[in-house]
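A structural walkthrough
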Amino acid sequence: MADDNTSGFQAGQTGLIVRVPEAEASVRGWRERFDPSARAGVPAHVTVLFPFLDESRIDGLVHSALADVLGRHRAFDLRFERCGRLPGVLHLVPEPGTPLRQLTEAIADRWPEAPPYGGRFAEIIPHLTVAQGQEDAVLEEIEADLADRLPFTSRVSSVELIVHDGTKWQERASFALGES
């Protein structure tokens with residue numbers, strides 16, 4: 001959930017993420033220092049859609065629709081071999097990115113009122129944020145450290161719905177992808 005800051009998180013905000021537990025050992029320390037979403041309780045992840053619907057709109061029908069939309073997509077593996085940069089952001093690049101973009105597009109097509117990143121960016125670039133808002137020298141130090149910790153692979157078999165409770169992000173539901 002890059003490009004957010006802790007003060008920008010609001011109670012009732014939701015997001016859909018793919019957890020990447022295999023990344024935690026490599027990125028946790030950096031994320032806790034340089035990624036506000038980590039300090040707010042979000043694990044290492046690739047964002048599928050943020051912001052999603054306000055929590056007040058998420059009911060049984062939305063849960064059923066999410067299960068249906070996501071269940072049509074097959075589980076897949078991601079490989080993280082390198083770092084990438086977006087303006088002000090150092091991230092790990094998930095490969096292939098296509099299945100992640102397809103998840104985002106499917107959710108955004110079903111809920112057009114919830115475009116990725118509020119419609120701020122024209123292109124969907126899947127990424128696992130490690131640090132943001134730092135000087136190049138800091139990002140270069142982090143990137144050098146991460147080079148020794150790559151590559152790794154992660155199996156994606158579900159998408160998590162997370163909700164901000166006013167203080168921290170909490171997982172509210174998990175939606176399984178179809179069998180591969």
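Notes on the structure follow. Please read all numbers here as calculations on a predicted model, not as lab measurements.

Here we come to the environment of W169. Considering the arrangement of structural elements, one finds W169 in strand β8 (residues 169-176). Using a relative accessible area of 4% as the deciding quantity, one classes W169 as buried. Once the C-alpha coordinates of W169 and A75 are considered, the two residues, 94 residues apart in sequence, prove to be 25 Å apart.

In this section: the packing of helix α1 (residues 24-34) against helix α5 (residues 136-147). At a minimum axis separation of 10 Å, α1 and α5 run at an interaxial angle of 165°. Here α1 is positioned roughly antiparallel relative to α5, judged by the angle of their axes. Handedness of the crossing formed by α1 with α5: left-handed. Contacts from S26, V27, W30 and F34 of α1 reach α5 at V138, E141, I142, D145 and L146. Among the residues forming the contact of α1 with α5, the class breakdown is 6 nonpolar, 1 polar and 2 charged.

This paragraph deals with the sheet that holds strand β6 (residues 152-156). Strands pair in a sheet through their backbones, by hydrogen bonds, and they do so in one of two ways: parallel or antiparallel. Judged by pairing direction, the sheet is antiparallel, and its 4 strands sit side by side in the order β5-β4-β3-β6 without closing on themselves. Single-partner strands in this sheet number two, and they are β5 (128-132) and β6. The sheet shows a mean angle of 35° between the axes of neighbouring strands, taken without regard to direction. Sheet analysis places strand β4 (residues 89-95) next to β5, joined by 4 bridges and oriented antiparallel. Within β5, the position partnered with V89 by the bridge is Q132. Seen against the sheet, α1 touches β4 and β5 and runs at an angle of roughly 50° to β5.

Criteria and cut-off values
Residues numbered from 1 in each chain as written. Predicted model: local features only at pLDDT ≥ 70, side-chain atom pairs only at ≥ 80, totals over all residues. Heavy atoms only, no water. Helix = DSSP H or I, 4+ residues; strand = E, 2+ residues; numbered from the N terminus. Buried < 20%, exposed > 50% of the residue type's maximum accessible area, 1.4 Å probe, protein only. Axes fitted to C-alpha atoms, helices over the stretch in contact; angles between N-to-C directions. Parallel < 35°, antiparallel > 145°, perpendicular 65-115°, else oblique. Left-handed = near helix turned anticlockwise from the far one by under 90°. Contact = heavy atoms within 4.5 Å. Nonpolar A, V, L, I, M, F, W, Y, C, P; charged D, E, K, R; others polar. Pairing = 2+ DSSP bridges.

Spatial relationships are all this shows, so hold off on functional conclusions.
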